[in-house]
Amino acid sequence: AMKPEPSWQGYWKHPGDAGVETRLAWTLPAGVRAGELGYPVPGQLLLAGLMQYVYEADYAQFVELTIPAGLAAGTKLPVKVAVDWLECTNEVCVPARADLALTLTVGDGRVDPARQTQFDGWRARLPRPLGAEAHFARVGDTVRIAVPLPAAAGVDKPYFYPLTADAIDYAAPQTVTRSGDTLIVE
């Protein structure tokens, strides 16, 4: 888990107008593969007309490791990762690095209930896929995105976070309306 100091922040996968995503360089045992880094939903920081997608409180980034089938319980798997990220205040940014190492042990799949609760809390902050495709259209300088979301599903302060660089003006205000089972983001 990342724990920004008060008044500091870390960055989402697509940081917005400024910032850098977290980078990982793995050293893994033979046959072990690391998946993509998973980011929780960020917050927005509008500073000097620049929109940034940030974390200003503790957050966890997940990576799924795939291990070869058939490893015996008790097999040790030494895992190393070099982590580079950017941490900033409203005035200064500092590149940060950590070299992390952990020896995982192949087990039987049982998880300590307290550890399960901790991880479930972090996983709940990860974005979830939609049940259907969203659609978009551009009308002049406005982008309209239709997001399928059942009317019964409550949503508090919806916001569109783009993963594609330069797809929209990040600092432009967003308006969200509902049309039945669809949210319309403009």
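A brief look at the structure comes next. (Residues numbered from 1 in each chain as written. Predicted model: local features only at pLDDT ≥ 70, side-chain atom pairs only at ≥ 80, totals over all residues. Heavy atoms only, no water.)

**As for the sheet that holds strand 11 (residues 176-179)**
The four strands lie next to each other as 9-10-12-11, forming an open sheet whose pairing is antiparallel. At either end of the open sheet lies a strand with only one pairing partner, and these are strand 9 (135-139) and strand 11. Across the sheet, the axes of successive neighbouring strands diverge by a mean angle of 20 degrees, strand direction being ignored. Summarising the sheet, strand 9 and strand 10 (residues 142-148) pair through five bridges and their orientation is antiparallel. Residue His135 lies in a different strand from strand 10, and its bridge partner there is Ala146. (Pairing = 2+ DSSP bridges. Helix = DSSP H or I, 4+ residues; strand = E, 2+ residues; numbered from the N terminus. Axes fitted to C-alpha atoms, helices over the stretch in contact; angles between N-to-C directions.)

**Observations concerning the pairing of strand 7 (residues 76-88)**
Judged from the five bridges that link them, strand 2 (residues 23-27) and strand 7 form a sheet pairing that is antiparallel. Residue pairing for strand 7: Thr27 is matched across the bridge by Lys80. Joining the antiparallel neighbours strand 7 and strand 8 (residues 93-105) is a turn of four residues.

**Observations concerning the side chain of Gln61**
Mapped onto the secondary structure, Gln61 falls in the loop between strand 5 (50-55) and strand 6 (65-66). In terms of polar contacts, Gln61 uses its side chain to reach the side chain of Thr22, at 3.2 Å. In this view, Gln61 contacts Met2, Tyr11, Thr22, Leu37, Gly38, Tyr39 and Pro40; residues no more than four positions away in its chain are not counted. (Polar contact = N/O pair within 3.5 Å; in protein donor to acceptor, adjacent residues only side chain to side chain. Contact = heavy atoms within 4.5 Å.)

**Some thoughts on the state of the cysteines**
Counting across every chain of the model gives one disulfide. Between the sulfur atoms of Cys88 and its disulfide partner Cys93 the distance amounts to 2.0 Å. Here the disulfide of Cys88 and Cys93 is right-handed, its torsion about the S-S bond being about 115 degrees. A relative accessible area of 0% places Cys88 in the buried class. Here Cys93 falls in the partly exposed class, since its relative accessible area comes to 42%. (Disulfide = S-S within 2.5 Å. Buried < 20%, exposed > 50% of the residue type's maximum accessible area, 1.4 Å probe, protein only.)

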